[in-house]
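Notes for the structure review
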Amino acid sequence: MTGQNAFADMLQKARMDGYAVAAFNVYNLESFQAAIGASESTGMPVIAALGERYFQNLRPRAASALFHGLQKSGSGAKNPLGQIGLHLDHATEVASCFEAIEAGFTSVMIDASHLPYSENIQRTKQVVDAAHEHGVGVEAELGGLAAGEHSHEFFEGREDLTDPSQALDFVTRTGVDALAVSVGTVHGLYRGEPHIDMSRLAAIARLVAVPLVLHGGSGTPPDLLAGAIRLGIAKVNVNTEISVAAVKALKNAVQSDRMPHLSELALVTRSAMDEVMDRYMRVFRGDGSRDDHE
Ligand code: 13P
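The paragraphs below set out a description of the structure included in this document. Worth saying up front: this structure is predicted, and the values here are computed from it rather than measured.

Cut-off values and rules
- Sequence order as written defines residue numbering, which begins from 1 separately in each chain.
- Thresholds applied to this predicted model are a pLDDT of at least 70 for local features of residues and 80 or more for the giving and counting of side-chain atom pairs; totals over whole chains, interfaces and linings are not thresholded and use all residues.
- Hydrogens are left out, water is left out, and the side-chain values use all remaining heavy atoms of the structure.
- Definition of nearness: a residue and a molecule or strand are near each other if at least one heavy atom of the residue lies within 4 Å of the molecule or strand.
- What qualifies as a polar contact is a pair of N or O atoms within 3.5 Å, subject to a donor-acceptor requirement within protein and to the restriction that residues adjacent in sequence count only when both atoms come from side chains.
- Under the convention used here, a 1.4 Å probe and the Shrake-Rupley method define accessible areas, while residue burial counts only the protein chains that appear.
- Helix numbers and strand numbers start at the N terminus; a helix is a DSSP run of H or I with at least 4 residues, a strand a run of E with at least 2.
- Here is the rule: rings of Phe, Tyr and Trp (six-membered ring for Trp) pair when centre to centre is within 6.5 Å. Planes less than 30 degrees apart are stacked, more than 60 are edge-to-face, and the remainder are tilted.
- Any residue under 20% of the maximum accessible area for its type is buried, any over 50% is exposed, and the rest in between are partly exposed; the area is computed with a 1.4 Å probe on protein chains only.
- In this description, contact between two residues means that some pair of their heavy atoms is separated by no more than 4.5 Å.

Glancing now at the site of the ligand. With respect to spatial proximity, 15 residues lie near the ligand, and among them Asp89, Gly188, Gly216, Ser218 and Thr240 are the closest. Contact between the ligand and histidine 90: an oxygen atom at 3.2 Å from a side-chain N or O atom of the residue. Backbone polar atom of asparagine 239 to an oxygen atom of the ligand: 2.9 Å apart, as the coordinates give it. Within the complex, 100% of the 300 Å² of free accessible area of the ligand lies under protein. Those elements giving two or more residues to the shell around the ligand turn out to be strand S3 (84-91), strand S8 (186-187) and strand S10 (233-238).

Using the criterion set out here, one finds 4 aromatic pairs in the structure. Aromatic side chains tyrosine 27 and tyrosine 54 sit 5.0 Å apart centroid to centroid with 55 degrees between the ring planes, which places their arrangement in the tilted category. With tyrosine 27 in the loop between strand S1 (21-25) and helix H2 (29-42) and tyrosine 54 in the loop between strand S2 (46-51) and helix H3 (60-73), this pair connects stretches of sequence that are 27 residues apart. Across the pair, tyrosine 54 and tyrosine 27 agree in class, each one buried. Seen from their ring centres, tyrosine 280 and phenylalanine 284 are 5.7 Å apart, and the 40 degrees between their planes marks the pair as tilted. On the criterion of helical spacing, the pair formed by tyrosine 280 and phenylalanine 284 is a turn pair, its members being 4 residues apart in helix H10 (residues 262-284). When its relative accessible area of 4% is taken as the criterion, tyrosine 280 is described as buried.

What follows deals with the side chain of histidine 87. Mapped onto the elements of the fold, histidine 87 is located in strand S3. Engagement of the side chain of histidine 87 in a polar contact is seen with the side chain of glutamate 139, the distance being 3.4 Å. Apart from the residues within four sequence positions on either side, histidine 87 is in contact with Phe7, Ile47, Ala48, Ala49, Leu50, Phe105, Ser107, Val108, Met109, Glu139 and Lys235.

So, about the environment of alanine 112. The residue alanine 112 is located in the loop between strand S4 (107-110) and helix H5 (117-133) in this model. Accessibility expressed as a relative area gives 0% for alanine 112, which makes it buried. Apart from the residues within four sequence positions on either side, alanine 112 is in contact with Asn120 and Arg123.

On to unusual backbone geometry, then. In this structure, histidine 90 takes a positive phi of about 40 degrees despite not being glycine. Position of histidine 90 among the secondary structure elements: in strand S3. For histidine 90, a relative accessible area of 4% puts it in the buried group. Here the phi dihedral of histidine 150 falls at roughly 60 degrees; this positive angle occurs in a residue that is not glycine. Within the secondary structure layout, histidine 150 lies in the loop between strand S6 (146-147) and helix H6 (164-174).

Below you can see the structure in the form of structure tokens.
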């Protein structure tokens, strides 16, 4: 199966072959280095995802320059196919998507999931039409995730599980390349026992042929992630846990008697990010098997 853009190709291959592409949030030099490094060290695809939330840190044009500059300076040894995508995560504004498309992003996520269904379709379709004209992939969301601890998303966070038949209607009417679904994960760290509604996910995967995206990766146990990947999840987003690990490492470093240099602190955050990303990459690799519901 060949998609019309690199994002669709990358995720369709993952869904077919039973693994997931990691989407790690990026907002500064170290997070970009860690995300690109995770791909280079494993040879697996990775998506560096700048949230609209982080435009205060980096606008798309600066993020794109950094991303492409780092890739040129990296070894690229284990990543000959250049399987690294630059993605706009959770954009509520169509204008943000246009800004990212213009800046050369591989894909954008228009998140109009908080709006009434018909407006979600209309706004998503508007982005799909513009993005596809430029060979840029599009992800959209149907349903909503609850907000867990340390959640850093825009939304208040009310769980609204994705309805399988509405998912089919949404994908057919919008032409999106990937669909983010709500099946029990939360944005941020879980307050209770992590749970994924596998039968709902299986029902969605049976009906919807495009790759499915799982938001709220942080804190989700490896066996649940592996089960979701077997059912058709082709991209998993991880943000909070990486930030929490980096901030904890930073706190430890500044509590020592010696005044560390800011450049050293940047390296401290980088290695904390590397560790968390590495752990997730091992889970996302999958075992190559897929519960066949298509
Ligand atoms: P977590 O912060 O729970 O990992 O979720 C990340 C996410 O879904 C970003 O879109």
